[in-house]
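Overview (structure and organization)
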Amino acid sequence: MDEYDLIILGGGPAGYFAAERAAHGGLKTLLFEKRALGGVCLNEGCIPSKALLNSAKILDYAKHASSYGVNVEGYSIDQSAVIARKNKVVKALVSGVGMQMKKEKVTVINKTAVITGKTADGFSVTDGENTYAADKLLIATGSVPVIPPIPGLREGVESGFCLTNREILDLTEIPESLVVIGGGVIGLEMASYFNSVGSKVTVIEMLDKIAGPTESEISTLLLKNYKKSGVDFKLSCKVTAVGTDSVTYEENGESRTVPASKVLVAIGRKPFTDGIGIDKIGVYTERGAIVTDEHLRTNVPGVYAAGDVNGKVMLAHTAYRESEVAVNHMLGKRDVMRYNAIPSVIYTNPEVASVGETAESAAAKGIETKTVSVSMRMSGRYLAETDGGNGIAKLIIDIKNNKLIGVHLIGSYTSEMIYGAALMIETELDIEALKELVFPHPTVSEVIREALFAAD
Ligand code: NAI
């Protein structure tokens with residue numbers, strides 16, 4: 001039996017980053033990945049969707065070039081070329097992770113691993129052929145899409161009519177019409193792409209707003225922008241059946257049908273723990289998610305869980321940080337996971353980026369707040385580059401402590417600005433200290449400075 005200090009199940013952002021940090025810290029590390037290193041993020045999530053969205057952005061620039069005094073003729077989208085480019089980007093990043101594993105001397109096995117129990121040698125794990133043992137385990141098996149029991153949906157997924165985030169990123173033909181079930185992050189990013197490249201897109205969302213927990217004014221503005229660009233929304237609607245070329249939903253008690261060439265199911269993801277053997281060692285779960293503490297420890301000493309599998313904040317950047325905290329704990333270093341300043345971004349056009357509390361979430365915690373909202377048009381660069389843009393920056397300030405506790409942005413470049421806002425919240429500097437920061441001019445980020453001054 002091969003013995004290790006640490007065995008990691010899953011080679012996504014949580015797993016591969018933990019492997020790198022652990023091996024770097026001197027632990028003999030074994031990483032199991034059943035598909036491809038990089039997990040959902042690199043192969044069928046964050047990165048490939050951004051490659052597609054960038055192609056859509058370039059196409060949108062071409063469409064609107066004349067408003068900026070540029071004449072573009074004869075442009076079109078070549079979906080196969082977009083997918084080929086995306087595949088190239090993914091391949092480069094996945095092989096980069098492989099090289100990093102080699103550099104740090106992590107053993108990588110491309111197989112499914114199952115925990116079989118605990119013996120005097122430690123936790124035992126099998127890949128069906130060999131058995132391995134380690135003192136410590138990190139479960140980083142990620143999440144899978146939720147497929148609800150809507151009549152016809154499973155059959156649709158099997159026939160290829162209904163797609164999840166995995167298949168939609170490989171479509172080499174643009175569907176004439178796309179019905180998206182779920183107006184959350186995946187649904188909106190894909191609605192944005194396929195609308196730009198020419199599909200007739202309809203989003204069916206159960207709630208009366210899009211983008212889930214996004215600050216309500218920003219969610220409304222995003223909806224307005226989407227509608228303006230041609231996406232159709234069915235809010236407060238429930239999908240009741242999926243046919244072979246249509247989707248049926250209920251609106252105000254009435255049944256309606258919308259035709260579809262393809263359907264995207266994006267109603268959320270759930271932690272993946274099926275058949276990995278956590279029951280063999282008694283790892284505790286709640287509603288399917290592995291329960292972890294501030295060091296990412298499970299209830300079983302020596303067993304940790306990081307990333308989507310613990311169901312806390314299903315974002316790749318949370319996974320990176322969680323795995324670092326878990327490995328630091330294994331190495332005896334002081335470190336604690338904090339979830340109060342984790343940024344989130346929706347990479348649509350315009351981009352949405354948020355961090356920290358909304359006025360509503362702060363009120364629920366009994367924090368008295370002041371909200372400051374400024375138009376992005378206060379930024380010279382925004383105005384120079386964005387004709388007719390209606391972006392805003394919204395700050396949530398804790399009145400008692402005079403501190404920034406939330407920032408919510410909609411507009412171009414906000415995905416790249418939000419880490420600065422997260423830093424402001426994380427460092428807990430007061431508003432007066434934040435006002436002393438010098439922002440580069442002209443940049444869109446200056447709207448945050450404008451909002452800080454508007455707080456007076
Ligand atoms: P989500 O939780 O963001 O959105 C799901 C939406 O579906 C919600 O608005 C919900 O109300 C709606 N819904 C649920 N059941 C429904 C039904 N039967 N009919 C109609 N609507 C229904 O989940 P999504 O978009 O699938 O994303 C999954 C995960 O991936 C999320 O945790 C997200 O954070 C992550 N992700 C993050 C990205 C980013 O950070 N840019 C990009 C893509 C995904």
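Look a little higher up for the structure.
First things first, this report covers the structure right here in the doc. Residue positions are counted from 1 within each chain, in the order its sequence is given. The predicted origin of the model limits local features to residues at a pLDDT of at least 70 and limits the giving and counting of side-chain atom pairs to 80 or more, whereas totals for whole chains, interfaces and linings rest on all residues. The basis for the side-chain values is all heavy atoms of the structure; hydrogens and waters are excluded.

1. Observations concerning the site of the ligand
For clarity, the cut-off: For this description, a residue counts as near a given molecule or strand if any of its non-hydrogen atoms is within 4 Å of it. Between N or O atoms, a polar contact is any pair within 3.5 Å; within protein, one atom must be a potential hydrogen donor and the other a potential acceptor, and residues adjacent in sequence are included only when both atoms are from side chains. Here the accessible surface of atoms and residues is derived via Shrake-Rupley with a 1.4 Å probe, and residues count as covered only by protein chains that are part of the display. Segments assigned H or I by DSSP are reported as helices when at least four residues long, segments assigned E as strands when at least two residues long, and all are numbered from the N terminus. Classification used: nonpolar for Ala, Val, Leu, Ile, Met, Phe, Trp, Tyr, Cys and Pro, charged for Asp, Glu, Lys and Arg, polar for all others including Gly.
Surveying the vicinity of the ligand reveals 19 residues, the closest of which are Ile186, Glu189, Glu205, Gly268 and Val345. Within the backbone of alanine 266, a nitrogen or oxygen atom sits 3.5 Å from an oxygen atom of the ligand. In this structure, an oxygen atom belonging to the ligand sits 2.9 Å away from a main-chain N or O atom of glycine 268. Here the ligand loses 79% of its free accessible area of 850 Å² to cover by the protein chains. Residue contributions to the shell around the ligand peak at four residues, all from helix α7 (residues 185–196). A per-class count over the shell around the ligand returns twelve nonpolar, four polar and three charged.

2. Here we look at the packing of aromatic side chains
Basically, it comes down to this: Between 30 and 60 degrees the pair is tilted, below 30 it is stacked and above 60 it is edge-to-face, where a pair is any two Phe, Tyr or Trp rings, Trp via its six-membered ring, whose centres lie within 6.5 Å. Each residue is assigned to one of three classes by its accessible area relative to the maximum for its type, calculated with a 1.4 Å probe on protein chains only: buried under 20%, partly exposed between the two thresholds, exposed over 50%.
What the rule picks out here adds up to five aromatic pairs. Taking the centre distance of 5.5 Å and the plane angle of 75 degrees together, the rings of phenylalanine 17 and tyrosine 320 count as edge-to-face. You can see phenylalanine 17 sitting in helix α1 (residues 13–24) and its partner tyrosine 320 sitting in helix α9 (residues 316–330), a full 303 residues away along the chain. When the ring of tyrosine 193 is compared with that of phenylalanine 194, the centres are 4.9 Å apart and the planes differ by 90 degrees; the resulting orientation is edge-to-face. We note that tyrosine 193, like phenylalanine 194, is buried.

3. Describing the pairing of strand β23 (residues 392–398)
Note the threshold: Note on pairing: two strands pair once DSSP finds at least 2 bridges between them.
Among the seven residues that make up β23, seven are buried, leaving the element largely enclosed by the rest of the structure. Here β23 shows a buried face lined by Ile392, Lys394, Ile396 and Asp398 and a second buried face lined by Ala393, Leu395 and Ile397. As judged from the seven bridges shared by strand β22 (residues 369–375) and β23, these two strands associate in the antiparallel manner. Of the residues in β23, the one forming a bridge with threonine 371 is isoleucine 396.

4. Section: the environment of glutamate 322
Operational definition: Any pair of residues with heavy atoms lying within 4.5 Å of one another is described as a contacting pair.
Relative to the assigned elements, glutamate 322 resides in helix α9. Residue glutamate 322 is classed as buried on the basis of its relative accessible area of 0%. Ignoring sequence-local partners within four residues, the contact set of glutamate 322 consists of Leu296, Ala306, Gly307, Asn310, Lys312, Met337 and Tyr339.

5. Here's the deal with α1
The condition is simple: Here a helix's expected span is defined as the number of its residues, less one, multiplied by 1.5 Å.
In a regular helix each residue adds 1.5 Å, so twelve residues correspond to 16 Å; α1 covers 16 Å between its end C-alpha atoms and thus fits that length. Buried residues dominate α1, accounting for ten of its twelve residues. Packed against the buried residues of α1 are β1 (2–9), β2 (29–32), α2 (39–44), α4 (79–103), β6 (131–139) and α9. Once α1 finishes, glycine 26 follows within two positions and takes phi at roughly 100 degrees, a positive value.

6. A closer look at a negative patch on the surface
Note the following rule: Patches in this entry comprise residues that are over 30% relatively accessible and not in a salt bridge; like charges within 9 Å are linked, as are nonpolar side chains (Val, Leu, Ile, Met, Phe, Trp, Tyr) within 5 Å. Salt bridges are counted wherever a side-chain nitrogen of Lys or Arg sits within 4 Å of a carboxyl oxygen of Asp or Glu. As used throughout, the charge tally considers Lys and Arg to be positive and Asp and Glu to be negative, leaving His and the chain termini uncounted. Every charge is mapped onto a representative atom, which is NZ of Lys, CZ of Arg, CG of Asp or CD of Glu.
Residues Asp2, Glu3, Asp121 and Asp135 make up a contiguous surface patch of negative charge. Structurally, aspartate 2 can be placed in strand β1. In this structure aspartate 2 comes out as partly exposed when scored by relative accessible area, which is 42%.

7. Regarding the pattern of salt bridges
Using the criterion set out here, one finds 20 salt bridges in the structure. As a salt-bridge pair, arginine 256 and glutamate 254 come within 3.7 Å of each other at their nearest N and O atoms. The residue lysine 435 makes a salt bridge to aspartate 456 at a minimum N-O spacing of 2.8 Å. Residue lysine 435 is found in helix α13 (residues 431–435), and its partner aspartate 456 is found in the segment after α14 (446–454); the two are separated by 21 residues along the sequence. In this structure lysine 435 comes out as buried when scored by relative accessible area, which is 13%. Ionic contacts of the salt-bridge type, sharing partners, join the residues Lys111, Asp127 and Glu129 into one network.

8. Focus: the sheet that holds strand β13 (residues 246–251)
Hydrogen bonds between backbone groups are what pair the strands of a sheet, and the pairing can be parallel or antiparallel. Test applied: For every element, the axis is a line fit to its C-alpha atoms; helices are fit only across the contacting stretch, and the angle between N-to-C directions ranges from 0 to 180 degrees.
Here we have three strands laid out as an open sheet, ordered β12-β13-β14, and antiparallel in their pairing. Here the strands that pair on one side only, and so sit at the sheet edges, are β12 (238–242) and β14 (254–259). Here the average twist between neighbouring strands, direction ignored, is 30 degrees. Both β12 and β13 contribute to a ladder of four bridges, which runs antiparallel. Bridge pairing links alanine 241 to threonine 248 in β13.

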